[in-house]
Amino acid sequence: MIDNDAELAPDPTWWTAPFATTLFGLPLLVWECVIFGFDSYVSSLDAMVYGGLVLLVIAWTLPRHRSARMLRVTAAVAGLACAVLPLASLVLMGMAMASG
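Reading the values: the criteria
- Residues numbered from 1 in each chain as written.
- Predicted model: local features only at pLDDT ≥ 70, side-chain atom pairs only at ≥ 80, totals over all residues.
- Heavy atoms only, no water.
- Axes fitted to C-alpha atoms, helices over the stretch in contact; angles between N-to-C directions.
- Helix = DSSP H or I, 4+ residues; strand = E, 2+ residues; numbered from the N terminus.
- Left-handed = near helix turned anticlockwise from the far one by under 90°.
- Contact = heavy atoms within 4.5 Å.
- Nonpolar A, V, L, I, M, F, W, Y, C, P; charged D, E, K, R; others polar.
- Phe/Tyr/Trp six-rings, centres within 6.5 Å; stacked < 30°, edge-to-face > 60°.
- Buried < 20%, exposed > 50% of the residue type's maximum accessible area, 1.4 Å probe, protein only.
- Lys NZ or Arg CZ within 6 Å of the ring centre and 35° of its normal.
- Expected span 1.5 Å × (residues − 1).
- Bend = angle between axes of the 7 residues up to and from the residue.

**Q** I'd like a rundown of the packing of helix α1 (residues 16-36) against helix α3 (residues 69-99), residues and numbers included.
**A** Taken N-terminus to C-terminus, the directions of α1 and α3 make an angle of 35°; their axes are 9 Å apart at the nearest point. Once α1 is placed against α3, the crossing between them reads as left-handed. Residues A17, P18, T21, F24, G25, L28, L29, W31, E32 and F36 of α1 lie in contact with α3, whose contacting residues are R72, V73, A76, V77, L80, C82, A83, V84, P86, L87 and L90. Broken down by class, the residue content of the contact of α1 with α3 amounts to 17 nonpolar, 2 polar and 2 charged.

Written as structure tokens, this is what we have:
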């Protein structure tokens, strides 16, 4: 018998965190996959892009319980961070090379 049934209650807003991060992160991840290509050599930027895709999939497939809300938000935000960081590093490298 479960003492606290509130933790297993379905969360009516379970989709908001994955949807918001997918809305901004998925176009970046697809663009980065096209830019970096699908060659046999896997760089650290490729691993971050693929990790971001995996984290967004995990954010969508986690259980829809209130107890998994924080884990879902964490996976979604980490996926968005993995989408933004390769682009930010490319912009910073371009700025460094242009100033030198």
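So, next bit.
**Q** Residue-level account of the packing of aromatic side chains, with values.
**A** Summed over all chains, the structure comprises 2 aromatic pairs. Considering the side-chain rings of W14 and W60, the 5.8 Å spacing of their centres and the 85° angle between planes classify their relative orientation as edge-to-face. Linking W14 in the segment before α1 with W60 in helix α2 (residues 44-61), this pair joins segments that are 46 residues apart in sequence. For the pair W15 and F19, a centre-to-centre distance of 6.1 Å together with 70° between the ring planes defines the contact as edge-to-face. Using a relative accessible area of 42% as the deciding quantity, one classes W15 as partly exposed. On the accessibility criterion, F19 (41% relative accessible area) is partly exposed. Residue placement shows R64 over the ring face of W14; its charged tip is 3.8 Å from the ring centre.

**Q** Any details on α1? Residues and values, ideally.
**A** Between the first and last C-alpha of α1 there are 30 Å, a value that for 21 residues agrees with the 30 Å anticipated at 1.5 Å per step. Approximately 40° is the largest bend angle found in α1, and it occurs at T22. Those residues of α1 lying buried are A17, P18, T21, T22, G25, L29, E32 and C33. Downstream of α1 by a residue or two, G37 has a phi angle that is positive, lying close to 80°.

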